[in-house]
Amino acid sequence: MDIQLKRGLLDVCVLAAISGEDSYGYQIIKDMKPYIELSESTLYTILKRLEGANMLTVRTAEHGGRLRKYYRITDGGHRRLADFKEEWKEVMSIYRFVTREDGGK
C-alpha cells in the first residue's frame, strides 16, 4: 500500500478511536486491534502529528499512582473525520471502476 495513503488512513483510524470519548495510548491500541494492528511507537508518532495539526488535545491525569496522557479529539479532528467519509465515497467509486464490481466493462 502507498505509504502516504496508509499514513492518512492510520491518522483517521486514531481520530475515530477517540471520537467518542477521551482515551489513552493502550486503550486506543486495544480499541483498534480488531481492525488493524498498531505498534505503540507508530501510535505515539501519529498522536504527536495529530496534536501538532490541532486535531487532538492532550491532558495528563493521575491513574493508579502514575501519570497518564489522555487524548481528546478537537473540532478540527471531527472535521477531518467528516471529510474522510466524503472522500471515501470517491475512493470506493474508483475501486469499483478498477475492479469492475459494478458490472461495467
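Residues numbered from 1 in each chain as written. Predicted model: local features only at pLDDT ≥ 70, side-chain atom pairs only at ≥ 80, totals over all residues. Heavy atoms only, no water.

(A) Inspection of the nonpolar core at higher detail. Counting residues in each nonpolar core, the largest one holds 20 residues, and the members touching the most others are Val14, Ile28, Leu38, Leu43, Leu47 and Leu50. Broken down by secondary-structure element, the contributors of at least two residues to this core are helix H1 (3–17), helix H2 (25–32), helix H3 (40–52), strand S2 (66–73) and helix H4 (75–99). Of all the elements, H1 adds the most residues to this core, at 5 residues. Apart from the residues lying within four places of it in its own chain, the contact partners of valine 14 are Met32, Leu38, Leu43, Ile46, Leu47 and Leu50. (Core = buried A, V, L, I, M, F, W, Y, C linked by side-chain atoms within 4.5 Å. Buried < 20%, exposed > 50% of the residue type's maximum accessible area, 1.4 Å probe, protein only. Helix = DSSP H or I, 4+ residues; strand = E, 2+ residues; numbered from the N terminus. Contact = heavy atoms within 4.5 Å.)

(B) Up close: the layout of surface pockets. Roughly 210 Å³ of volume is contained in the largest pocket. Taken together, Tyr24, Gly25, Tyr26, Tyr44, His63, Arg66, Leu67, Arg68, Lys69 and Tyr71 make up the lining of the largest pocket. Here the lining of the largest pocket is composed, by residue class, of 5 nonpolar, 2 polar and 3 charged. By volume, the second largest pocket is sized at about 150 Å³. Around the second largest pocket sit Val12, Cys13, Ala16, Ala17, Asp31, Met32, Tyr35 and Ile36, which together line it. Counting residues per element, the ones that place at least two in the lining of the second largest pocket are H1 and H2. It is H1 that provides the largest number of residues to the lining of the second largest pocket, a total of 4 residues. When the residues that make up the lining of the second largest pocket are grouped by side-chain class, the tally is 7 nonpolar, no polar and 1 charged. (1 Å grid on protein atoms, 1.4 Å probe; cavity = no way out; pocket = protein on both sides within 12 Å on 5 of 7 lines; lining within 4 Å. Points joined across faces, edges and corners; volume = space filled by probe spheres on them. Nonpolar A, V, L, I, M, F, W, Y, C, P; charged D, E, K, R; others polar.)

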